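This is what each chain is made of:
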Amino acid sequence: MITVRFLLNGTATTVEAPGMRPLLHVLRVDLDLTGTKEACGEGECGACSVILDGSVVNACLVPMCQVDGRAVRTVEGLARPGPDGVRVLDPVQQALLDAGGVQCGMCIPGILMAARAHLDGGGSADEDAIREAIAGNLCRCTGYMKIVEAIAAVAAAPAGRSAAANGEARAGQPAGQPAAAGTR
Ligand code: FES
Ligand code: FES
């Protein structure tokens, strides 16, 4: 067992875990953050995508020994506190709902994280660029078109692009993690 200290959706978090235990299992089993999905378990589908220090990774392939001192953002960290304590969806979550881009939902948390990383990195609304950004995320339901359109709409709207930083790197600030679109 090792002690791993990291930022999880902006909250300083400490876990005891075997060094090779996948981050995915720590999130889902140890920390009850089940928004991040497990499907293939071997880096092929993207269902388990999270943002690690600004880059999208497959949490099923990241051992806890590589997480110490880093910042992890999951789908639970996308929605942010709004007026009257009501949480406000990330623009990408809202756009996917508005576009009807969600069917069974299994792929959606991973696609949301890939999309958010694309936007945070200054990614454009260009269809090819968006398809490349989500190329590691398999969806068997939607045909991707509405997903791409939703991400493009956010990329084209400055407000949506800049709504990114919630939960990324603010140690000690409670994140609050109720189920939001794409988290269960
Ligand atoms: S569950 Fe991690 S890539 Fe499929
Ligand atoms: S919505 Fe079902 S896998 Fe994408």
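Above: the structure in question.
Here the structure is a predicted model, which means the values were calculated and not measured.

So, how was this worked out
Per chain, the residues get numbers from 1 upward, laid out in the order the sequence is written. As they are written, the chains are lettered A onward and the ligands numbered 1 onward, keeping that order. The predicted nature of this model means local features are confined to residues of pLDDT at least 70 and side-chain atom pairs, given and counted, to a pLDDT of 80 or more, with totals for whole chains, interfaces and linings taken over all residues. Only DSSP runs of H or I reaching four residues or more are called helices, and only runs of E reaching two or more are called strands; each is numbered from the N terminus. Whether a residue is buried, exposed or partly exposed is read from the other C-beta atoms within 10 Å of its own C-beta, which are placed from the backbone; 20 or more gives buried, 12 or fewer gives exposed, and intermediate counts give partly exposed. Note on definitions: angles span 0 to 180 degrees between N-to-C directions of axes, and those axes are lines fitted to C-alpha atoms, for helices only across the stretch in contact. Roughly parallel means an angle under 35 degrees; roughly antiparallel, over 145; roughly perpendicular, 65 to 115; everything else is oblique. Each crossing gets its handedness from the near helix: less than a right angle anticlockwise from the far helix is left-handed, clockwise is right-handed. Whether two residues are in contact depends on their C-beta atoms, placed from the backbone: they are in contact if these lie within 7 Å. Residues are grouped as follows: nonpolar covers Ala, Val, Leu, Ile, Met, Phe, Trp, Tyr, Cys and Pro; charged covers Asp, Glu, Lys and Arg; every other residue, Gly included, is treated as polar. Strands were regarded as paired on the criterion that DSSP finds at least two bridges between them.

1. Side note on the environment of Leu-78
Logical step 1: With respect to the secondary-structure elements, Leu-78 resides in the loop between strand 5 (71–73) and strand 6 (80–81).
Logical step 2: A count of 30 C-beta atoms within 10 Å places Leu-78 in the buried class.
Logical step 3: Remark: the alpha-carbon pair of Leu-78 and Val-88, spanning 10 residues in sequence, is separated by 8.9 Å.

2. A look at the packing of helix 2 (residues 91–99) against helix 3 (residues 108–120)
Logical step 1: Two elements in contact, helix 2 and helix 3, have axes separated by 10 Å at closest approach and are oriented at 125 degrees. As far as their axial angle goes, helix 3 and helix 2 are oblique. The interaxial crossing formed by helix 2 with helix 3 has right-handed handedness. Contacts between helix 2 and helix 3 involve Val-92, Gln-93 and Leu-96 from the first element and Ile-108, Leu-112, Ala-115, Arg-116 and Leu-119 from the second.
Logical step 2: The class makeup of the residues in the contact of helix 2 with helix 3 is six nonpolar, one polar and one charged.

3. Some thoughts on the environment of His-118
Logical step 1: Residue placement: His-118 occurs in helix 3.
Logical step 2: The exposure class assigned to His-118 is buried, which follows from the 22 C-beta atoms found within 10 Å.
Logical step 3: In sequence terms His-118 and Ala-155 are 37 residues apart; their C-alpha atoms lie 8.9 Å from each other.
Logical step 4: Aside from chain neighbours lying at most four places away, what touches His-118 is Gly-123, Ile-130, Ala-133 and Ile-151.

4. Quick notes on the pairing of strand 3 (residues 49–52)
Within a regular beta strand, the side chains point alternately toward one face of the sheet and then the other, so they alternate between its two faces.
Logical step 1: Here strand 3 shows a buried face lined by Ser-49 and Ile-51 and a second buried face lined by Val-50 and Leu-52.
Logical step 2: In this structure, strand 3 lies alongside strand 4 (residues 55–58), joined through four bridges in antiparallel fashion. Its bridge partner being in strand 4, Leu-52 is matched across the sheet by Ser-55.
Logical step 3: Between the antiparallel neighbours strand 3 and strand 4 lie two residues, among them Asp-53 with a positive phi of about 50 degrees.

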